[in-house]
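Notes for the structure review
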Amino acid sequence: MRIFFFLYLLVVPAVLFSQEKNTPKSSLDMNTKYSSITDTLKKKKAKIATIDQYQIITLEHDTTYADTSLTLKSAYKQNYLRKDNFGLLPFSNIGQTYNTLQYSLTDFSPYPELGFKGKHFNFLEANQIQYYSAATPFTELFFNTTINKGQNVDSFITLNTSKNLNFSMAYRGLRSEGDYINQLASTGNFRFTTSYFTTDRRYVLKAHYTYQDILNEENGGITTPEDFESGDKDFNNRQRLQVYLTDAKSFLKGRRLFFDHAFRINPKEGNNNLYVTHQFNYENKFYEYNQATVTSTVDNRSVNRFGNSYLTSGINDQTHFEKLYNKAGLAYENSLLGKFNFFIDDYRSNYEYNRVILDTNGVVAIPNNLYRQINNVGGQYEYQKNKWNGRFLYSRSITNQSLSDLDAKLRYTLNDKIKFDFRYQNINKLPNNNYNLYQSSFIKYNWSNNFKNEKINSISANVFTPWLNAEVQYSVLKDHLYFEDVSNPAEIAAQTQIVNPAQYGNAINYLSLKASREFKFGPFALDNTLLYQKVDQSDLILNVPDFVTRNTFYYSSYFFKKALYIQTGITFNYFTEYYGNSYNPVVGEFFVQNDKKIGNYANFDFFVNGRIRQTRFYLKAEHFNAAFAQNNYYSAPDNPYRDFTIRFGLVWNFFQ
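Notes on the structure in this doc start here. (Residues numbered from 1 in each chain as written. Predicted model: local features only at pLDDT ≥ 70, side-chain atom pairs only at ≥ 80, totals over all residues. Heavy atoms only, no water.)

Here's the deal with a nonpolar patch on the surface
On the surface, F263, I265, L274, V276, L330 and Y332 cluster together to form a nonpolar patch covering roughly 460 Å² of accessible area. Those elements that place two or more of their residues in the nonpolar patch are β12 (272–293) and β15 (313–334). Mapped onto the fold, Y332 is located in strand β15. Judged by its relative accessible area of 32%, Y332 falls in the partly exposed class. (Patch = residues over 30% accessible without salt bridge, like charges linked within 9 Å, V, L, I, M, F, W, Y side chains within 5 Å. Areas by Shrake-Rupley, 256 points an atom, 1.4 Å probe, with all protein chains shown as cover. Salt bridge = Lys/Arg side-chain N within 4 Å of Asp/Glu carboxyl O. Helix = DSSP H or I, 4+ residues; strand = E, 2+ residues; numbered from the N terminus. Buried < 20%, exposed > 50% of the residue type's maximum accessible area, 1.4 Å probe, protein only.)

If you want it as structure tokens, here you go:
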């Protein structure tokens, strides 16, 4: 897969450059000369494609257009996730996990998934895949430097073979060594999409295939935070800081085949239309935790970091997950009333291990698999008229699982610049599989549970204006599932970490308010984003900082007769101190801890962004104040945030 990507990366630019290269006049013969003149006249007569003919379409049919502009908002997306990661706190190496500062970023699905959510930040789910329509072939090349050896690249091409049929292919690859011992990250995301519709739009299809793999060396954090915080110059080389694990690694991979299509029963489109709809999703995932050396060495003494093990070496815990989903529906569309869709779905999954665990009496204590078969019935109503656009979904299980999903979205568009969004969710969610079943070579990391469903009620409102963007969310969580440290005092003294799932019986009330505003003063601007969060709970279960802020002061202008556009400035990031969740690599999850607070440190980035035609380049000095500030910055307990580093990146677009 990687070989294919690099060949593509090398060949496509070469082809494009060869097409655009001008031949010297002295080498032209008469036939070439006159044919060139003819071609030039034809090109002048030819219709030039406009940017709105390069469409990006989501599964829910929301459409945007290819954007080659350089703005501060696009610069915020110049990172590993290719999106604005405000509210997410990255670990020290690129390609590792993220601590969640903004809980309202969490998405919920009523269906049980694999779990290991700490490994899924860069795993593209079915509803995150985009589809395209392009007037001419469109290519995007993304490159970014990483921490020490490695590179971060993303290559994408889409083309329409006809007005009705589009294909796209993309590959995202990362390799980053990191600053600390045993911290290498290597990931790959391949995706292929196609979309098709008949000329009369009687039949419409969206389909994709993905293959994704995420490999991380896992060091379990540093063993002596005091050495990191001391400021001793001997530890400026982070390789000298001792870590718990020197040869452990985790690996997540997955394949998915997905298509969503609809067929209109009536031959000609009119004011009343009847459709048959079908959605198919087959996916298999595999998670592996590998630790060759069971015993860690901390200050010249042996430590069983995750407790006693069945094995003395070569731990290799493997979890397999397979899912098959089908949804069939009948939709009625009326030009005045909107669109009504009634459906029934079938969800089947198998989550398994290659053994069973017996108790002392020979009875199965922990089974080897969880098999789920769930059927839902539901309806969806879509309305789009004048300034109103809404979607209302309700589904409920008809099998013995108590599962339901109510999701209502409404948008009011006052004009092109002012919009209001409202959303209400009421979800009765089955637990992810790794809460109910997990097997490991570590003795205390084996469990079989039967947790209740999580109940999530959430209401949110967003407003988008030229003067202020704001959003508010209020959620009530009942029977909230989480991971916790259950180590006893003797294990804590021995630096042993035992993490198990748990369920909180009381209600948790969560409120978030987020606002952003940019002030401009001629060529200068100040962009501000502020988040306030409040959690009402009897115990410290859902922990988030009260305030998170990002403020960017920058200068922008054109140079060289407007051939070059430059932005340069400083970004300030800060969040208040709180009991940040810690990360456990065995289960690939964050867990609640109430011993160490993180936060209350400033993070300054200096940047220079530029644009020449369709090429944008980015130069950033990340966390430059770390070179002279106190070493008190953490992404999670025992996991320091990244040090001062200089990184370069570019995004290069081609319209053929």
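Structural notes on the pattern of salt bridges
This model, assessed by the stated rule, comprises 25 salt bridges. D154 is the partner of R82 in a salt bridge, and the nearest nitrogen-oxygen pair spans 3.1 Å. Residue R82 is located in the loop between α3 (72–76) and β3 (88–90), and its partner D154 is located in strand β7 (residues 150–160); the two are separated by 72 residues in the primary sequence. In this structure, E218 engages K119 in a salt bridge whose closest nitrogen and oxygen atoms are separated by 3.7 Å. Here E218 is found in strand β10 (residues 203–218), whereas its partner K119 is found in the loop between β4 (98–100) and β5 (131–134), with 99 residues between them in sequence.

Some thoughts on the packing of aromatic side chains
Going through the model one piece at a time under the given rule, you end up with 45 aromatic pairs. An angle of 40° between the planes, with centres 5.1 Å apart, marks the rings of F572 and F604 as tilted. Here F604 lies in strand β35 (residues 603–612) and F572 lies in strand β32 (residues 564–575), a separation of 32 residues in the sequence. Judged by its relative accessible area of 28%, F604 is partly exposed. (Phe/Tyr/Trp six-rings, centres within 6.5 Å; stacked < 30°, edge-to-face > 60°.)

Considering the nonpolar core
Y289, F306, Y351, Y438, F442, Y445 and V586 are the most contacted members of the largest nonpolar core, which totals 41 residues. Those elements that provide at least two residues to this core are β11 (248–264), β12, β15, β16 (338–352), β19 (369–385), β23 (437–438) and β27 (480–485). Broken down by element, this core gets its largest block of residues, 3 residues, from β15. Among residues more than four places away in sequence, those in contact with Y445 are F306, Y438, Q439, S440, Q497, I498, V499, N584, V586 and V587. In this structure, L89, Y180, Y601 and Y641 belong to the second largest nonpolar core, which totals 19 residues. (Core = buried A, V, L, I, M, F, W, Y, C linked by side-chain atoms within 4.5 Å. Contact = heavy atoms within 4.5 Å.)

Concerning unusual backbone geometry
Positioned with a positive phi, D299 is a non-glycine residue whose angle comes to about 50°. Tracing the backbone shows D299 in the loop between β13 (296–298) and β14 (301–303). Phi is positive for N600, which is not a glycine, with a value near 65°. With respect to the helices and strands, N600 occurs in the loop between β34 (589–591) and β35.

Points about the pairing of β16
On a regular strand, each side chain points to the face opposite its neighbour's, so the side chains alternate between the two faces of the sheet. Pairing between β15 and β16: 15 bridges, direction antiparallel. Opposite Y325, over in β16, you have Y347 as the bridge partner. A loop of 3 residues connects β15 with β16, the two strands running antiparallel in sequence. Summarising the sheet, β16 and β19 pair through 14 bridges and their orientation is antiparallel. (Pairing = 2+ DSSP bridges.)

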